[in-house]
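Chains, contacts and geometry: an overview
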Amino acid sequence: MEKNIREYYLMIISGTLTMFAGGFTWPIFSPYVRSEFTASLQLVGLAVSGYFLLRMVSEFPIGVIGDRIGPKYPLVAGRALAVIGAFICYKTTNIWMLIFARIIWGMGDASFFCIGMTYVSKLFTSERRGRALGVFQAVEMIGSFLGQTVGGYVAGIYGTRMNFLATTIMAIIALVSVTVIKGDGSIEPPRKQTASLIPSGAEMRKVLNRTVIVACLINLVTMMNNNGLQNTILPIYVTEVIGIELTRYAFLVSASTVGSVTGNLVGGTLSDKIGRKKVLLAGLGVGVIAYAGITMFTGFYTLLFMMFLNGLFWGVVYGVVPAFIADAVPDEVRGIGIGTFRTFMDLGGLVGPMVMSSLAEAVGGVQGYMYAFYTGIAMMVGLMVITMTLSDTVAKNTPATH
């Protein structure tokens, strides 16, 4: 038990440092590309999507590698790539080099989050897994909140490019932190592993069940909205159409992060008690309300509340869906299961900015932004329908073994 708790706390510390570093750049990235590189809306979408380009195809093999060799080395390699990517973003004045830097940065984050989520799920039994994952991700989000808040001030005082230098320094600290993780805390006994990095047909049959497939679709659409609307369309809409300055927009993003923290904590804990499906449906309903509110209101404080609700929705989804999948696949292929679901999440992150920015530009004007949000709302309603087809699960009321 003590060994597992130690590993859990180390994962929380490393995740918080990683999210704190990322928080410095996420809110300002889209406006940064727009102004520093004089980019069109579609090119901004491509730059945002670049983060997910190779991340999408690397999640699955990373999950397989984690199942084969354990979590430590993929975690270290992931943080090293993030350091390189952040530093290139700071130095470059070429848009294509910026996109390349975001690509390798995305691969590094894929390694950390896929392996980290899998490892945390293996440290706890089913009746405690939802809460453990929720707390892990909620504390990470607190790091992101702090990074976004401080990052807004840094951008306002020193310029947005300086945020990437600060991120590079913090990414180095995160790299050092993962080196002390041992990666030997799984509650399951060690299993004989094949040398192949290609999963067998038997392993894939254990993974590709109905729950995993539906969860992958949920993650795909949710991430299309999150990266296409919140990370690409919204910052430009808020700063250029509504007229809210970038430093105040950072507070809107921070409100979303506070919602994400709340959603992870509440969603993960409630899903252990009343079932994953019920909590997931409630979270999606909150997301519909949030996106509808963003299209209706332009006041700063009203948008602040809508962004909190948007974060609450994302926190519930991000906290509950991994627990849903972890319940549905055996321990020895859990990395493959998490890698599969995260691949669809990254696919949404890749196509979301391009789809939403192309739609907004095709329609044009303020209506273009509105149509992008209406599309996101329609997709959210569709998610609620397919979520209803899942069988609900509540964790078994069995004693913990650690």
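Residues numbered from 1 in each chain as written. Predicted model: local features only at pLDDT ≥ 70, side-chain atom pairs only at ≥ 80, totals over all residues. Heavy atoms only, no water.

Tallying secondary structure elements over the protein gives 14 helices and zero strands in all. In sequence order, the protein lays out its α and β elements as α-α-α-α-α-α-α-α-α-α-α-α-α-α. Taken over C-alpha atoms, the radius of gyration comes to 20 Å for the protein, in line with the 21 Å a tight globule of 402 residues would show. Viewed in the frame of its principal axes, the protein has a C-alpha envelope of about 55 × 45 × 35 Å. (Helix = DSSP H or I, 4+ residues; strand = E, 2+ residues; numbered from the N terminus. Rg over C-alpha atoms; globule rule 2.2 N^0.38 Å.)

Evaluated as defined, the whole model comprises 16 aromatic pairs. Ring centres of Tyr291 and Phe313 lie 6.2 Å apart, and the angle between their planes is 70°; this geometry places the pair in the edge-to-face category. Of the two residues, Tyr291 is situated in helix α11 (residues 276-296) and Phe313 in helix α12 (residues 300-328); the sequence distance between them amounts to 22 residues. Note on accessibility: Tyr291 and Phe313 belong to one class, buried. Within the aromatic cluster, the residues linked to one another by ring pairs are Tyr237, Tyr291, Phe313, Tyr369 and Phe373. The side chain of Arg102 reaches across the aromatic face of Trp105, ending 5.1 Å from its centre. The ring of Phe300 carries the charged tip of Arg248 above its face, separated from the ring centre by 3.9 Å. (Phe/Tyr/Trp six-rings, centres within 6.5 Å; stacked < 30°, edge-to-face > 60°. Buried < 20%, exposed > 50% of the residue type's maximum accessible area, 1.4 Å probe, protein only. Lys NZ or Arg CZ within 6 Å of the ring centre and 35° of its normal.)

This part covers helix α3 (residues 41-69). The end-to-end C-alpha separation of α3 is 42 Å, in line with the 42 Å expected for 29 residues at 1.5 Å each. Residue Ser49 marks the point of greatest curvature in α3, where the axis turns by about 40°. Two residues or fewer after α3 comes Gly70, characterised by a positive phi angle close to 95°. (Expected span 1.5 Å × (residues − 1). Bend = angle between axes of the 7 residues up to and from the residue.)

Moving on to empty space enclosed by the protein. Summed over the entire model, instances satisfying the criterion amount to three cavities of 30 Å³ or more. In this structure, the largest cavity occupies an estimated 560 Å³ of space. Together, 28 residues line the largest cavity, and Trp26, Met223, Asn226, Asn231 and Trp314 are the ones closest to its centre. For the lining of the largest cavity, the element with the highest residue contribution is helix α9 (residues 210-242), accounting for five residues. (1 Å grid on protein atoms, 1.4 Å probe; cavity = no way out; pocket = protein on both sides within 12 Å on 5 of 7 lines; lining within 4 Å. Points joined across faces, edges and corners; volume = space filled by probe spheres on them.)

Another point: the packing of α9 against α11. Put simply, α9 and α11 touch, their axes get as near as 13 Å, and they point 25° apart. By the angle class used here, α9 and α11 are roughly parallel. The handedness of the crossing between α9 and α11 comes out as left-handed. Facing α9, whose interface residues are Ile218, Asn225, Asn226, Leu229, Leu234 and Tyr237, α11 presents Leu280, Tyr291 and Ile294. Grouping the constituent residues of the contact of α9 with α11 by class yields seven nonpolar, two polar and no charged. (Axes fitted to C-alpha atoms, helices over the stretch in contact; angles between N-to-C directions. Parallel < 35°, antiparallel > 145°, perpendicular 65-115°, else oblique. Left-handed = near helix turned anticlockwise from the far one by under 90°. Contact = heavy atoms within 4.5 Å. Nonpolar A, V, L, I, M, F, W, Y, C, P; charged D, E, K, R; others polar.)

None of this, on its own, says anything about what the molecule does.
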